[in-house]
There are 4 protein chains.
Amino acid sequence: MNTFGTLFRLTDFGESHGPAIGGVIDGMVPDFTVDMDFIRGALGRRRPGQSRLTTQRREADEVRFLSGIFEGRTTGTPIAFVIENSDQRSADYSEVARAFRPCHADYTYRAKYGHRDYRGGGRASARETAVRVVGGALAQQVLAAKGITITAYTSAIGGVAMSGGVGDYSADAIEANPVRCPDAAAAALMEQEIMAAKKADDTLGGVISCTIKGLPAGVGEPIFGKLQAMLAAAMMSINAAKGFEYGDGFAAATMRGSESVDTFVSDSEGHVSTLTNHSGGIQGGISNGMPVTFRVAFKPIATMPRPLDTIDVDGKATVIEVGGRHDCCVVPRAVPVVEAMAAMTVLDALMLSCATKL
Amino acid sequence: MNTFGTLFRLTDFGESHGPAIGGVIDGMVPDFTVDMDFIRGALGRRRPGQSRLTTQRREADEVRFLSGIFEGRTTGTPIAFVIENSDQRSADYSEVARAFRPCHADYTYRAKYGHRDYRGGGRASARETAVRVVGGALAQQVLAAKGITITAYTSAIGGVAMSGGVGDYSADAIEANPVRCPDAAAAALMEQEIMAAKKADDTLGGVISCTIKGLPAGVGEPIFGKLQAMLAAAMMSINAAKGFEYGDGFAAATMRGSESVDTFVSDSEGHVSTLTNHSGGIQGGISNGMPVTFRVAFKPIATMPRPLDTIDVDGKATVIEVGGRHDCCVVPRAVPVVEAMAAMTVLDALMLSCATKL
Amino acid sequence: MNTFGTLFRLTDFGESHGPAIGGVIDGMVPDFTVDMDFIRGALGRRRPGQSRLTTQRREADEVRFLSGIFEGRTTGTPIAFVIENSDQRSADYSEVARAFRPCHADYTYRAKYGHRDYRGGGRASARETAVRVVGGALAQQVLAAKGITITAYTSAIGGVAMSGGVGDYSADAIEANPVRCPDAAAAALMEQEIMAAKKADDTLGGVISCTIKGLPAGVGEPIFGKLQAMLAAAMMSINAAKGFEYGDGFAAATMRGSESVDTFVSDSEGHVSTLTNHSGGIQGGISNGMPVTFRVAFKPIATMPRPLDTIDVDGKATVIEVGGRHDCCVVPRAVPVVEAMAAMTVLDALMLSCATKL
Amino acid sequence: MNTFGTLFRLTDFGESHGPAIGGVIDGMVPDFTVDMDFIRGALGRRRPGQSRLTTQRREADEVRFLSGIFEGRTTGTPIAFVIENSDQRSADYSEVARAFRPCHADYTYRAKYGHRDYRGGGRASARETAVRVVGGALAQQVLAAKGITITAYTSAIGGVAMSGGVGDYSADAIEANPVRCPDAAAAALMEQEIMAAKKADDTLGGVISCTIKGLPAGVGEPIFGKLQAMLAAAMMSINAAKGFEYGDGFAAATMRGSESVDTFVSDSEGHVSTLTNHSGGIQGGISNGMPVTFRVAFKPIATMPRPLDTIDVDGKATVIEVGGRHDCCVVPRAVPVVEAMAAMTVLDALMLSCATKL
């Protein structure tokens, strides 16, 4: 299904080389003044061509709102928006029509639907994530008005990783370099790693870390709607994501219970917190008032400027070489997508929590 | 919300020390002969007291079906079932009423709902997972009739891990030892690891690996309903789960694209497969016909037989020591829960895929 | 699907002659003190055998709560309950196994599911509505605490109808006679109508009118979730319901616009109301603060003590005569069911309205 | 919520005088060749200005598809479309900004959202139904390929009603006159009725009847998802709809059971039907293979060219006179809307029925 969320809902549409991509946001808080610059800024951080590290493909990514905003404020009705597809070099993709790119969705879409728009990845193109960024940028504004902020950054690229757990960094530190890594030394190494892979006609993956601050205790549903389950689904729905962990994550599997206990304390004003945050801000599926921390692993994308063995649509062995301008490493551009998905998830969970408070 | 799934749905209820736990399964294939022994067997694998490694707490876990099955076959109407709670030593839990156990849901439930059933963890108790096992055991039977099998096993406990990726093991090999690890040598070490932690009044986490075989290509929804997103949500909804990864998972973040390509090949009968399975059986969110492989990390549970610092319900510092009989390591008992959640997820995805094939 | 509602949800299960019927309520307001007598009272109004007008079949309808209520207050977790089936005279229904009762669900269930529980109507039995009454009785308590009341009554039985539109009557007036008609003169005629039909081995339908008072303006979703659409679905889901109308209803089709205008007025305190209520309290799908008024038509049930032509499961013509003790007119017993469905619908709509008020 | 359906889903957006209205269809059958002329034809039947009976307001209603269709065939991905708003005479609506039109959604939107787009009814404008017609036209094509047809017609306008129950008429007979009534004599009287009301600066309502043919037995969900409940919700979500009935409808309330029995018969090929169709093709919420018949009542719209008493946004009494070009009777233009909603409902129910047939 192409709709995300229960109460704050984004319905997402569009193919990479169709007329337009876009979405419909339902459940937006009414009478809310929208900051259009914030939305444009978020799109700019996801856009190709933003630095020498990313693809030089140009996408204008001009978002046009069709409904739900009147005199600058939301009306409570669905907010529809479109981003026209302008830079369509369909010629670049003719190869894909007759053969399946390895590790792409060409084969699976065909298996599922019988008929596919093969141009530029069609529906499976990461271009679709621009729609999520618009939805997320609206959710982030609502959350910000409640004092809730979401900050993601690149914590690993290929073999280079920042040390330590998920930390609390400023937007300035994160945006100070094109990899979006707040550790300047690590960032420099990551840039080198990318340039080396590029030279080798290869690609790289990495890890994005994210912190949600200001979320009050009591958000998230126990059992199936646990906050970590919703965040995991949101993150694993992003193209190229291969893993999700929160709090201590996979490292917790190797720890003893006594090493991973978060002790509750209460200050003089009765505000409860924990001395450590192994729990990643969530206990029993519900936020405990501490920062929510998680990490998402991304694989290297499978589109690289070299010939690859595969089969054609008739099952015959062939070689495919996909032209076009592709990223060597999408991780820096995925940072705003992680933030967007986190924002929509948290706002939805917050709205669910409010519903029983009649 | 306490309902899992879109078309195959489990609604789950019950507290650890209330009269009963249970569930309602909606969307079950009609006119299907139910194997009750299979359900009992799955519950037996989850049950406490099954080996010297697990808690000696006894829960009969007798499941009683109230509806939806007539003359041994399903009628297409909701299948409700209850498991009465018999062995309730409420006295063991009196401490929990007045203070918050660290890393448990005591504080967050109270923050969310104002009022909580504190006995034995109440709704947040892992006892709830017995309900999932019943739902999963029904889903597994439907899948088995379609040639789809789901097999999970313990691949790491504390510091002991099996080497290699997610493998294909027989039920016999997995059930040959109480830790449910198909590698006998690793299993022996894991048992030692658990006995040592137990002696130290401590607890251990671990990792469960799972393989889904026989799933045809074309199952899973692109974009938000990606098969890996649904599996991630399902797994992260299990108590104590801290991380999820599929295919190469977090390791993919450190690989180059050229190392992680799965090459398509086609045999003489036109059957498509890939030479490797870095993708974990899913591409673009949709199954590609290869085995679906994933791993779930579990933290060590926070209930251990030693005094722990915390605060009481009034925010005053206190020490809590929870009695009762608890597992030192829940991972072996979580194996059937992982299988159950995977089965319900895959059946649901399969039903969604069938809906457009009018 | 067997779940009703979006945020306040009832999952309903059970067959007439299975072990039990019951339900799971999810989304109940937490920390709410439940009045069990109110629930029992509502069930008593629906129960067979309550007057000489209804079937003398006895159903104890003892409701047992399994979860979600602790120390008399709701915990926010699912409230599961069961009503055991005690008075099962399966012998009465043996005929139904081999032939299809006309105007019942015997044929359609078989067409849909292949396999059916034919005893006493199985899942299609009106006994299922007892579950709705329990869910509704909880919703009514929450609404009552907000000053919102729901009152239904019988306004027509067979050829006898009360004159005038949907009115505002006291529970005392409605419960003063076994037909639940607040107009004593009409009630007497209705009783005669029922006794005459009974004597003729025939059955009767009727109309139930309902008023919702105290609902604030602003509840209901425009477009597809219009309050009247939700109420219509709720009412038309009740067994034997054939029609739904709100405000002026079908009569509006014959009126001129100028006759059906509701003029807004405002009192000295700024409270807005309308001089008339042709709109039935809903404009544009959203409540306007006036009483919500609607009517539901019920057909005469098709089970009557006389031989009826039909076909058997092999398509051969046959005659069926269903024994057992059945109602001549179910309308008086359907009054609490209409109230229950209205209560759950309104509470759900109210919760949806609150969700955006973060 | 602005999404209709469970598996075949239409998400609908747009305000009357915003940049555009439109929708996103999710769950469309893949690899299906779309007949664009059919869609345009359906829109043409809903469009204003199509006859001397309707408003002379012009709306081009050019639909532009943005995604989901490639090389003329559906790809299984969301089908987004927009209809730009061209003929926007905003000046006509300035009055509405400061006062509430009686029996419109002006007051209730403001009560709900605080902020509203008052131009031309904004979101509450019947212009939104054009979006439904596009969704319905796609659903109708899928159904037609399965031999299922949906035909609606005007059966009453103001005081003029066709005699008899819901009948089976050809599109030619229905489209032979501007009121869309297949009974030529009644149609002539209806036209006179409309011209008379128009002369009196007044408006008229009416009734639309609809028949669904070719639907196999077994479609619809028992209990809450009864086919009649889904149809009722669909119809009552249309602007100005005040009542819904199926089969004998409200008349059933006055009949005896023995008068309303549908006797099953089986022909030599084992095809089951009923001698009469009081049930309206649905028994126990599930289709029985007979034509599904229902009727929808529409009120006269409240916009008429005369001054009306009301209050302004500050609660002060005022008089409003809405200019612009409005319909005297919207019923003929609502015929394709009824068909569209019925088509989407039936296709959704059919898909739900197919989901368990793995």
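Cut-offs used in this document
Residues numbered from 1 in each chain as written. Chains lettered and ligands numbered in written order. Predicted model: local features only at pLDDT ≥ 70, side-chain atom pairs only at ≥ 80, totals over all residues. Heavy atoms only, no water. Helix = DSSP H or I, 4+ residues; strand = E, 2+ residues; numbered from the N terminus. Rg over C-alpha atoms; globule rule 2.2 N^0.38 Å. Buried < 20%, exposed > 50% of the residue type's maximum accessible area, 1.4 Å probe, protein only. Contact = heavy atoms within 4.5 Å. Areas by Shrake-Rupley, 256 points an atom, 1.4 Å probe, with all protein chains shown as cover. Lys, Arg positive; Asp, Glu negative; His and termini not counted. Charge placed at Lys NZ, Arg CZ, Asp CG, Glu CD. Least-squares fit on C-alpha atoms with pLDDT ≥ 70 in both. Axes fitted to C-alpha atoms, helices over the stretch in contact; angles between N-to-C directions. Parallel < 35°, antiparallel > 145°, perpendicular 65-115°, else oblique. Nonpolar A, V, L, I, M, F, W, Y, C, P; charged D, E, K, R; others polar. Buried area = accessible area lost by both parts, 1.4 Å probe. Salt bridge = Lys/Arg side-chain N within 4 Å of Asp/Glu carboxyl O. Polar contact = N/O pair within 3.5 Å; in protein donor to acceptor, adjacent residues only side chain to side chain. Pairing = 2+ DSSP bridges. Phe/Tyr/Trp six-rings, centres within 6.5 Å; stacked < 30°, edge-to-face > 60°. pLDDT = per-residue confidence, 0-100. Core = buried A, V, L, I, M, F, W, Y, C linked by side-chain atoms within 4.5 Å. Expected span 1.5 Å × (residues − 1). Arc of directions from axis to C-beta.

(A) Up close: the overall build of chain A. Along the backbone of chain A there are eight helices and 18 strands. In terms of C-alpha radius of gyration, chain A reaches 21 Å, essentially the compact-globule figure of 21 Å for 358 residues. Taking the principal axes of the C-alpha coordinates as reference, chain A spans close to 70 × 50 × 35 Å. Each of the 358 residues in chain A was classed as buried or not, and the buried ones make up 66%. The long-range fraction of contacts in chain A, counting pairs at least 24 apart against all pairs at least 6 apart in sequence, stands at 70%. With the model as given, the accessible surface of chain A reaches about 11,000 Å², and the carbon-plus-sulfur share is 51%. Separation of charge centres in chain A, based on 35 positive and 39 negative side chains, amounts to 4 Å.

(B) Summary view of the relation of the copies chain C and chain D. With an axial shift of 0.0 Å and an RMSD of 0.0 Å, the rotation relating chain C to chain D amounts to 180 degrees. Taken together, the turn and the small shift mark the pair as related by a two-fold rotation axis.

(C) Structural view of the packing of helix α1 (residues 36–46) of chain A against helix α8 (residues 331–355) of chain A. Residue and element names in this part refer to chain A. Two numbers describe how α1 lies on α8: the axes approach to 7 Å, and their chain directions differ by 140 degrees. Relative to α8, the element α1 is oriented oblique. Between α1 and α8, the residues in contact are Ala-42, Arg-45 and Arg-46 and Arg-333, Val-335, Pro-336, Val-337 and Glu-339, respectively. Within the contact of α1 with α8, the residues separate by chemical class into four nonpolar, no polar and four charged.

(D) Spatial organisation of the interface of chain C and chain D. Of the residues lining the interface, 95 residues belong to chain C; the matching set on chain D comes to 94 residues. Carbon and sulfur atoms make up 66% of the area that chain C and chain D hide from each other, which totals about 7,200 Å². Of all residues in chain C, the largest losses of buried area upon contact with chain D belong to Phe-224, Lys-242 and Phe-250 of chain C, amounting jointly to 12% of the total for that side. Seen at the junction of chain C and chain D, the total is two salt bridges. Across the pair Lys-112 of chain C and Glu-221 of chain D runs a salt bridge whose closest N-O atoms are separated by 3.3 Å. Taken together, the links from chain C to chain D amount to 27 residue pairs in polar contact (both at pLDDT 80 or more).

(E) Up close: the sheet that holds strand β4 (residues 63–65) of chain D. Residues and elements named next belong to chain D. Read from one edge to the other, the open sheet built from five strands follows the order β1-β2-β3-β7-β4, with strand pairing classed as antiparallel. For this open sheet the edge positions go to β1 (3–4) and β4, each flanked by a neighbour on one side alone. Pairing between strand β3 (residues 20–26) and strand β7 (residues 79–84): six bridges, direction antiparallel. Pairing of Ile-21 across the sheet is with Ile-83, part of β7.

(F) Summary view of unusual backbone geometry. Look at Asp-31 of chain B: it is not a glycine, yet its phi comes out positive at around 60 degrees. Its place among the elements puts Asp-31 of chain B in the loop between β3 (20–26) and α1 (36–46). We note that Cys-103 of chain C has phi near 60 degrees; this positive angle belongs to a residue other than glycine. As for its position among the elements, Cys-103 of chain C is in the loop between α2 (94–98) and α3 (106–113).

(G) Main features of the relation of the copies chain B and chain A. Structural alignment of chain B on chain A gives an RMSD of 0.0 Å, achieved by rotating through 180 degrees and translating 0.0 Å along the axis. Most of the interface of chain B is mirrored in chain A: 99% of its interface residues are interface residues there too.

(H) Representation of the packing of aromatic side chains within the structure. One pass over the full model with this rule turns up 38 aromatic pairs over all chains. Each ring, one from Tyr-107 of chain C and one from Phe-264 of chain D, has its centre 5.2 Å from the other, and the planes form 55 degrees; the classification is tilted. In this pair, Tyr-107 of chain C is assigned in helix α3 and Phe-264 of chain D in strand β12 (residues 264–266), connecting two distinct chains. Residue Tyr-107 of chain C shares its accessibility class with Phe-264 of chain D, and that shared class is buried. An aromatic cluster is built from Phe-100 and Tyr-107 of chain A together with Phe-264 of chain B, whose rings are joined through pairwise contacts.

(I) Broad picture of the confidence of the model for chain A. The share of residues in chain A with pLDDT of 70 or more is 97%, and the mean pLDDT across the chain is 94. As scored by the predictor, the complex reaches a pTM of 0.97 and an ipTM of 0.96.

(J) Representation of the sheet that holds strand β3 (residues 20–26) of chain C. Residue and element names in this part refer to chain C. Taken together, the five strands give an open sheet; going across it, the order is β1-β2-β3-β7-β4, and neighbouring strands pair in antiparallel fashion. Edge positions in the sheet fall to β1 (3–4) and β4 (63–65), since each has one partner strand and no second. Inspection of the sheet shows β4 paired to strand β7 (residues 79–84) by three bridges, in the antiparallel sense. Its bridge partner lying in β7, Phe-65 is registered against Phe-81.

(K) Structural detail: the nonpolar core. Phe-294 of chain A, Met-235 and Phe-294 of chain B, Phe-294 of chain C together with Met-235 and Phe-294 of chain D are the most contacted members of the largest nonpolar core, which has 346 residues in total. When sequence neighbours within four positions are dropped, the list of residues in contact with Met-235 of chain D reads Ala-241, Phe-244, Phe-294, Val-296, Val-338, Met-341 and Ala-342 of chain D.

(L) Quick peek at the interface of chain B and chain A. Every contact between the two is made by 95 residues of chain B and, on the other side, 94 residues of chain A. Taken over both partners, the interface formed by chain B and chain A buries close to 7,200 Å², and the fraction arising from carbon and sulfur atoms is 65%. Inspection of the region where chain B meets chain A yields two salt bridges. Counting across the chain B and chain A interface gives 27 residue pairs in polar contact (both at pLDDT 80 or more). Direction of pairing for strand β11 (residues 241–246) of chain A relative to strand β11 (residues 241–246) of chain B: antiparallel, over a ladder of three bridges. Following the sheet pairing, Glu-245 of chain A is matched in β11 of chain B by Gly-243 of chain B.

(M) How the structure looks around the pattern of salt bridges. Residue and element names in this part refer to chain A. According to the stated counting rule, one finds 76 salt bridges over all chains in the structure shown. Linking Arg-123 and Asp-12 is a salt bridge whose minimum nitrogen-to-oxygen distance equals 3.0 Å. In this pair, Arg-123 is assigned in the loop between α3 (106–113) and α4 (129–145) and Asp-12 in strand β2 (residues 9–14), connecting sequence segments 111 residues apart. Taken as a pair, Arg-123 and Asp-12 share a single burial class, namely buried.

(N) Region of the structure containing helix α8 (residues 331–355) of chain D. A rise of 1.5 Å per residue sets the reference length of α8 of chain D, with its 25 residues, at 36 Å; its end C-alpha atoms lie 36 Å apart and thus fit the reference within 8%. Counted residue by residue, α8 of chain D has 25 buried out of 25 residues, so it is predominantly covered.

(O) The environment of Val-207 of chain B, seen in detail. In this fold, Val-207 of chain B is placed in strand β10 (residues 206–213). A relative accessible area of 4% means that Val-207 of chain B is categorised as buried. The spatial distance from the C-alpha of Val-207 of chain B to the C-alpha of Pro-102 of chain B is 22 Å, given a sequence separation of 105 residues. In this view, Val-207 of chain B contacts Ala-253 of chain A together with Tyr-153, Thr-154, Ser-155, Ala-156, Arg-295, Val-296, Ala-297 and Val-331 of chain B; residues no more than four positions away in its chain are not counted.

(P) Focus on the pairing of β10 of chain B. Residues and elements named next belong to chain B. Where burial is concerned, most of β10 is hidden: seven out of the eight residues are buried. Pairing of β10 with strand β16 (residues 292–298), which is carried by seven bridges, proceeds in the antiparallel orientation. Residue pairing for β16: Ile-208 is matched across the bridge by Val-296.

(Q) Layout of the environment of Met-341 of chain B. Tracing the chain through its elements places Met-341 of chain B in helix α8 (residues 331–355). Between the C-alpha atom of Met-341 of chain B and that of Gln-140 of chain B, which follows or precedes it by 201 residues, the distance is 9.9 Å. Discounting chain neighbours no more than four positions away, the residues touching Met-341 of chain B are Phe-224 of chain A together with Phe-4, Arg-132, Ala-234, Met-235, Ser-237 and Ile-238 of chain B.

(R) Inspection of the side chain of Ser-209 of chain D at higher detail. Residue and element names in this part refer to chain D. Assignment of secondary structure puts Ser-209 in strand β10 (residues 206–213). Overall, the relative accessible area of 2% leaves Ser-209 in the buried class. Within the local environment of Ser-209, its side chain forms a polar contact with the side chain of Ser-155, the two groups lying 2.8 Å apart. Apart from residues no more than four positions distant in its own chain, Ser-209 is found in contact with Thr-151, Ala-152, Tyr-153, Ser-155, Val-166, Phe-294 and Arg-295.

(S) Just helix α6 (residues 184–199) of chain A, in detail. Residues and elements named next belong to chain A. With 16 residues, α6 should cover 22 Å at 1.5 Å per step; its first-to-last C-alpha distance of 23 Å lies within 8% of that length. When α6 is considered as a whole, its buried residues turn out to be Ala-186, Ala-187, Met-190, Glu-191, Ile-194 and Ala-197. The arc that holds every buried residue of α6, seen down its axis, measures 145 degrees, which confines them to one face. Relative to its buried face, α6 has exposed residues pointing more than 90 degrees away, namely Ala-185, Gln-192 and Lys-199. As for α6, its buried residues are in contact with β8 (149–157) and β9 (160–161). Here α6 starts with a cap whose side-chain oxygen sits 3.1 Å from the backbone nitrogen of Ala-185, and that cap is Asp-183.

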